[in-house]
Amino acid sequence: QGRVLGIDFSLTMLERATGSSRVLGAANVAFVRADAERLPVASASVDVVLVNGIFNLNPRRDAIFRELARIAKPGGSVFGAELILRAPLAEDQRAGNANWFSCIAGAREAVAFLEEFRQAGFREVQLLRTTRNARTKSPAVLAADFRAVR
């Protein structure tokens, strides 16, 4: 059975998700507004966490990794998707508005990104797949699917 809790800081996204769950008749789903670095979930209570693009534009990036580690049960997993870099970006590229709105400005290289999970207490951290990112069209950026076990 289980329970699904959807969390977002955007009321628009929460309304959209709530409407979709009603259409599907999902009875075990709830949605809550919260920031990624302060999740309304008990410590060590979640088996699987799914995240999508929550790191690169958040100035409190380290807090998100710590918060995911706090809520995941021992042996629990975080699966997700994020944009990563093939190589470092020059500072002027990071500062540009186009790269900010493309979620590239805060991106890290793969090794550094995975190390952020390790520093937060995750093990078995791995990239599952990387592909060209069609949205940004930047040759410096990859779309990455990842897994980290607490």
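About the thresholds
- Residues numbered from 1 in each chain as written.
- Predicted model: local features only at pLDDT ≥ 70, side-chain atom pairs only at ≥ 80, totals over all residues.
- Heavy atoms only, no water.
- Helix = DSSP H or I, 4+ residues; strand = E, 2+ residues; numbered from the N terminus.
- Expected span 1.5 Å × (residues − 1).
- 1 Å grid on protein atoms, 1.4 Å probe; cavity = no way out; pocket = protein on both sides within 12 Å on 5 of 7 lines; lining within 4 Å.
- Points joined across faces, edges and corners; volume = space filled by probe spheres on them.
- Nonpolar A, V, L, I, M, F, W, Y, C, P; charged D, E, K, R; others polar.
- Core = buried A, V, L, I, M, F, W, Y, C linked by side-chain atoms within 4.5 Å.
- Buried < 20%, exposed > 50% of the residue type's maximum accessible area, 1.4 Å probe, protein only.
- Contact = heavy atoms within 4.5 Å.

A. Representation of helix α1 (residues 11-24) within the structure. Between the first and last C-alpha of α1 there are 20 Å, a value that for 14 residues agrees with the 20 Å anticipated at 1.5 Å per step. One or two residues past the end of α1 sits glycine 25, with phi positive at roughly 75°.

B. Just the layout of surface pockets, in detail. Counted as a void, the largest pocket has a volume near 1600 Å³. Residue lining of the largest pocket: 44 residues in total, with Ile7, Leu50, Val51, Asn52 and Ile54 positioned closest to the centre. Listed by contribution, the elements that provide at least two residues to the lining of the largest pocket are β1 (4-8), α1, β2 (29-33), β3 (46-52), α2 (61-71), β4 (72-85), β5 (123-132) and β6 (141-149). For the lining of the largest pocket, the element with the most residues is β3, which contributes seven residues. Among the residues forming the lining of the largest pocket, the class breakdown is 28 nonpolar, seven polar and nine charged.

C. Just the nonpolar core, in detail. Core analysis: the biggest nonpolar cluster contains 24 residues, and Phe55, Leu68, Val78, Phe113, Phe117 and Phe122 have the highest contact counts within it. Of all the secondary structure elements, the ones that give two or more residues to this core are β3, α2, β4, α5 (110-120) and β6. Sequence-distant contacts of phenylalanine 113, that is, excluding residues within four places in its chain, are made with Phe55, Arg61, Phe65, Glu82, Ile84, Arg108 and Phe146. Grouped together as the second largest cluster of nonpolar side chains are six residues, Leu85, Leu89, Ile104 and Ala107 included.

As far as function goes, none of this settles anything; it's purely spatial.
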